[in-house]
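# Per-entry structural report
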Amino acid sequence: MKHGHIISGFSKLTKAEKIEYVTKHLENPLEVEQDLKDFWHRDFKTQKLLDEFSENTISNFVFPLGVAPNFLIDGKEYIIPMVIEESSVIAAASNSAKFWANNGGFRTEIISTTKVGHVHFNWTGDIKKLEAQMPVLRKLMEESTETITANMRARGGGILNIELVDKSDELENYYKLRAEFETVDSMGANFINSCLESFAQVLRKFVLEFDGFEGNDKDCRIIMSILSNYTPDCLVKCWVECDID
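This section reports on the structure supplied with the text. (Residues numbered from 1 in each chain as written. Predicted model: local features only at pLDDT ≥ 70, side-chain atom pairs only at ≥ 80, totals over all residues. Heavy atoms only, no water.)

Below, the discussion takes up the overall build of the chain. The helix and strand tally for the chain stands at eight helices and seven strands. At 26 Å, the chain has a C-alpha radius of gyration far larger than the 18 Å of a compact globule built from 245 residues. Dimensions of the chain, computed from C-alpha atoms along their principal axes, come out at roughly 70 × 65 × 35 Å. Considering only intrachain contacts with a sequence separation of at least 6, the fraction spanning at least 24 residues in the chain is 64%. As displayed, the chain has an accessible area near 16,600 Å², and 53% of this comes from carbon and sulfur atoms. Across the chain, the 27 positively charged side chains and the 39 negatively charged ones have centroids separated by 4 Å. (Helix = DSSP H or I, 4+ residues; strand = E, 2+ residues; numbered from the N terminus. Rg over C-alpha atoms; globule rule 2.2 N^0.38 Å. Contact = heavy atoms within 4.5 Å. Areas by Shrake-Rupley, 256 points an atom, 1.4 Å probe, with all protein chains shown as cover. Lys, Arg positive; Asp, Glu negative; His and termini not counted. Charge placed at Lys NZ, Arg CZ, Asp CG, Glu CD.)

Here is the structure:
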């Protein structure tokens with residue numbers, strides 16, 4: 001595509017209009033359009049569902065779905081589905097699984113399932129004042145998420161801890177809330193992010209309205225609220241055993 005073809009409102013176009021816009025910049029638009037449609041699912045309802053998985057969808061991208069048999073895990077047999085385009089991986093996994101199945105199989109132990117999320121923010125006030133109010137803030141944040149955490153708490157999970165972390169030695173006026181969550185048997189990404197967004201709103205409101213804050217103490221800018229992929233306390237141990245011979 002040549003420079004100068006910047007478009008606004010592309011997401012508001014129909015699927016057909018998106019395809020027309022994409023293909024008209026190519027040398028063989030009709031051929032590319034047909035190629036895109038060849039990968040559509042034959043069932044209209046299924047294709048509509050696939051279109052809603054992402055944004056600006058115009059076609060589907062196909063990977064082979066293979067299976068690796070002979071996995072014996074904690075005494076139960078599994079056939080493992082794998083979507084992968086690299087040859088020999090499934091064959092190697094199947095071969096290894098068969099070997100270990102004849103030697104007792106794989107054993108697993110869940111050690112911990114603690115997940116972590118952060119609310120990053122800039123604070124130009126006296127951080128000691130904010131630190132002193134953390135017990136109050138924790139309570140307000142937990143109260144603000146009671147409807148969000150209700151189902152998780154009923155299953156034995158929920159919010160474990162919320163702490164203030166001073167990162168101003170790395171970047172001026174930079175701080176974060178570090179929250180720990182127990183999500184039991186779910187990954188909990190949406191749950192965690194929803195809680196963090198609520199935490200951020202509570203923090204912003206508290207800073208603006210608390211009588212003990214004045215001047216720069218009221219200057220708090222939320223940067224982002226997001227779960228962390230670094231979860232060193234979310235651990236599963238897996239092992240195999242066999243005789244040396």
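The rest of the description comes next.
Further remarks concern the packing of helix α7 (residues 146–154) against helix α8 (residues 189–209). The geometry of α7 relative to α8 is characterised by a closest axis approach of 10 Å and an angle of 145° between their N-to-C directions. Crossing handedness for the pair α7 and α8: left-handed. Of the residues in α8, those touching α7 at I148, T149 and M152 are F191, S194 and C195. (Axes fitted to C-alpha atoms, helices over the stretch in contact; angles between N-to-C directions. Left-handed = near helix turned anticlockwise from the far one by under 90°.)

Throughout the structure, instances matching the rule amount to 11 aromatic pairs. Centre to centre, the rings of F71 and F106 are 5.8 Å apart; their planes meet at 20°, and the pair counts as stacked. Highlighted residues: F71 in strand β1 (residues 65–73) and F106 in the loop between α4 (89–101) and β3 (107–123), separated in sequence by 35 residues. On the basis of relative accessibility, which here comes to 17%, the residue F106 falls in the buried class. Site record: aromatic cluster; members linked through ring pairs are W123, F206, F210 and F213. Taking the ring centre of W239 as reference, the NZ or CZ of K237 above it sits at 5.1 Å. (Phe/Tyr/Trp six-rings, centres within 6.5 Å; stacked < 30°, edge-to-face > 60°. Buried < 20%, exposed > 50% of the residue type's maximum accessible area, 1.4 Å probe, protein only. Lys NZ or Arg CZ within 6 Å of the ring centre and 35° of its normal.)

For the structure on display, the rule yields 11 salt bridges. Across the pair R178 and E163 runs a salt bridge, and its minimum N-O distance is 3.8 Å. Of the two residues, R178 is situated in strand β5 (residues 174–182) and E163 in strand β4 (residues 158–166); the sequence distance between them amounts to 15 residues. The structure contains a network of salt bridges with shared partners spanning E163, R178 and E180. (Salt bridge = Lys/Arg side-chain N within 4 Å of Asp/Glu carboxyl O.)

Bringing the environment of N229 into the picture now. Mapping N229 onto the fold places it in the loop between β6 (220–227) and β7 (234–239). Taking the C-alpha atoms as reference points, N229 and V116, separated by 113 residues in sequence, lie 7.9 Å from one another.

To continue, consider the pairing of β1. Where β1 and strand β2 (residues 76–83) come together, seven bridges link them in antiparallel fashion. Note on β2: the bridge partner recorded for F71 is Y78. The antiparallel pairing of β1 with β2 creates a hairpin that spans two residues between the two strands, and D74 there sits at a positive phi of about 50°. (Pairing = 2+ DSSP bridges.)

Take the side chain of S59 next. Along the polypeptide, S59 turns up in the loop between α3 (44–51) and β1. Here the side chain of S59 touches L36 through a polar contact of 2.6 Å, landing on its backbone oxygen. Apart from the residues lying within four places of it in its own chain, the contact partners of S59 are L36, F39 and W40. (Polar contact = N/O pair within 3.5 Å; in protein donor to acceptor, adjacent residues only side chain to side chain.)

On the surface, a cluster of nonpolar side chains totalling about 500 Å² of accessible area is made up of F61, F63, L65 and V83. In this fold, L65 is placed in strand β1. Judged by relative accessible area, which is 62%, L65 ranks as exposed. (Patch = residues over 30% accessible without salt bridge, like charges linked within 9 Å, V, L, I, M, F, W, Y side chains within 5 Å.)

This paragraph deals with the nonpolar core. Core analysis: the largest hydrophobic core is formed by 28 residues, its most contacted members being F121, W123, L130, F199 and L203. Elements supplying a minimum of two residues to this core: β3, α5 (127–132), α6 (134–144), β4, β5, α8 and β6. By residue number, the principal contributor to this core is α8, which donates 10 residues. Setting aside residues no more than four positions away along its own chain, F199 makes contact with V119, M141, T145, I159, I162, A179 and F181. Grouped together as the second largest cluster of nonpolar side chains are eight residues, F71, I90, A93 and W100 included. (Core = buried A, V, L, I, M, F, W, Y, C linked by side-chain atoms within 4.5 Å.)

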